[in-house]
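# Working through the structure, step by step
Take a look at the letters that make up each chain.
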Amino acid sequence: MLSRRDFIKLSGLGLVGAALPRCGGDDDDVGRAEFGFHLNPVLINGTGAQSFSGAQIKSLGSDPDTKYFSYETPAGIRYLPLPLENGLTKAYPTQEDYERIKRIGDFVTSNLWELYWNDPQDAQEMRNVIERCAGNALNLIIRLEDTTRIANHPNAGPSDEEWFVNTFEPYVRSVVLYAKGKVFAYQVWNEPNLAREWGGKPPDAAGYVELLKVCSEAIRAADPEAIIIFSLLHGRSRQFGGRTEADRAGYQD
């Protein structure tokens, strides 16, 4: 959990800075070793990029194989069907961006989603995030998640066995095998206390702990030394539960 909510946006790069907690001390003064940024590995450029500010899209069709780009706006998350149309293009972080981050802090979190990791256009760029963080001595925390499933899946939510075996576990294993020895930690899913992370269904703490269990097994099979992090929760809610069970069972570090 973040111990304080200091956030900084750097230009239009999709970087958000946050103070990370020190172990065993107060956090009045934040040094660079406790400071990090969230790095969006893919952004959208184009004249129509700011037009997606209408009502929240709740249903994107019945075909779970249709791909969507998750796009965050001030009005909430939007999903654009791929390939992009209407002059929209993707943009990726550059070496200069990593150098700017390093001048301020030592940590980076980045959502290397399944959609990005396995996409022919984005795949190498996702691997570049890992390589450039390592090359700039940045401690990368990879967020493992499948937002396409949430956006457009008949059984939305992170606790379906068939989806895990056929889609998520192979993706997790691929990421960890590539990133072994190059990253700081892995965060499994994101904000599971929100209904949107369960396809609009009520959040399921027990279901998330089960996902964390099978993910931790897959991660440690690929890298026994990997550090695994319980997902951050949205807001200041402490009602979600599951953390104590995960601690006792050794599903997280």
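Quick caveat: nothing in here was measured; it's all calculated off a predicted structure.

## A word on helix H1 (residues 95-104)
- Within H1, burial applies to Asp-97, Tyr-98 and Ile-101. The arc that holds the buried residues of H1, viewed along the axis, is 95°, so those residues lie on one side. In H1, the exposed positions angled more than 90 degrees off the buried face are occupied by Glu-96 and Arg-103.

## Side note on the pattern of salt bridges
- Under the defined criterion, the tally for this structure stands at 5 salt bridges.
- In this structure, the salt-bridge partner of Glu-131 is Lys-182, at a minimum N-O distance of 2.6 Å. A residue pair is termed long-range when its members are at least 10 positions apart, and Glu-131 in helix H3 (residues 123-135) and Lys-182 in the loop between helix H5 (161-179) and strand S10 (185-188) qualify at 51 residues.
- A relative accessible area of 31% means that Glu-131 is categorised as partly exposed.
- A relative accessible area of 30% places Lys-182 in the partly exposed class.
- For Arg-143, the salt bridge goes to Glu-145, with nearest N and O atoms at 3.3 Å.

## Observations concerning the environment of Ala-134
- Examined against the element boundaries, Ala-134 turns out to sit in helix H3.
- For the pair Ala-134 and Gly-181, spaced 47 residues apart in sequence, the C-alpha separation works out to 9.3 Å.

## Focus: the packing of H5 against helix H6 (residues 205-222)
- Orientation of H5 relative to H6, taken along the N-to-C sense of each, is 40°, at an axis distance of 9 Å. The orientation of H5 relative to H6 falls into the category oblique. In the crossing of H5 with H6, the sense of the turn from one axis to the other is right-handed. Within the contact between the two elements, H5 uses Trp-163, Phe-164, Phe-168, Glu-169, Val-172, Val-176 and Leu-177 and H6 uses Leu-211, Val-214, Cys-215, Ala-218, Ile-219 and Ala-222.
- Here the residues of the contact of H5 with H6 sort into 12 nonpolar, no polar and 1 charged.

Basis of the calculations
- Residues numbered from 1 in each chain as written.
- Predicted model: local features only at pLDDT ≥ 70, side-chain atom pairs only at ≥ 80, totals over all residues.
- Heavy atoms only, no water.
- Buried < 20%, exposed > 50% of the residue type's maximum accessible area, 1.4 Å probe, protein only.
- Helix = DSSP H or I, 4+ residues; strand = E, 2+ residues; numbered from the N terminus.
- Arc of directions from axis to C-beta.
- Salt bridge = Lys/Arg side-chain N within 4 Å of Asp/Glu carboxyl O.
- Axes fitted to C-alpha atoms, helices over the stretch in contact; angles between N-to-C directions.
- Parallel < 35°, antiparallel > 145°, perpendicular 65-115°, else oblique.
- Left-handed = near helix turned anticlockwise from the far one by under 90°.
- Contact = heavy atoms within 4.5 Å.
- Nonpolar A, V, L, I, M, F, W, Y, C, P; charged D, E, K, R; others polar.

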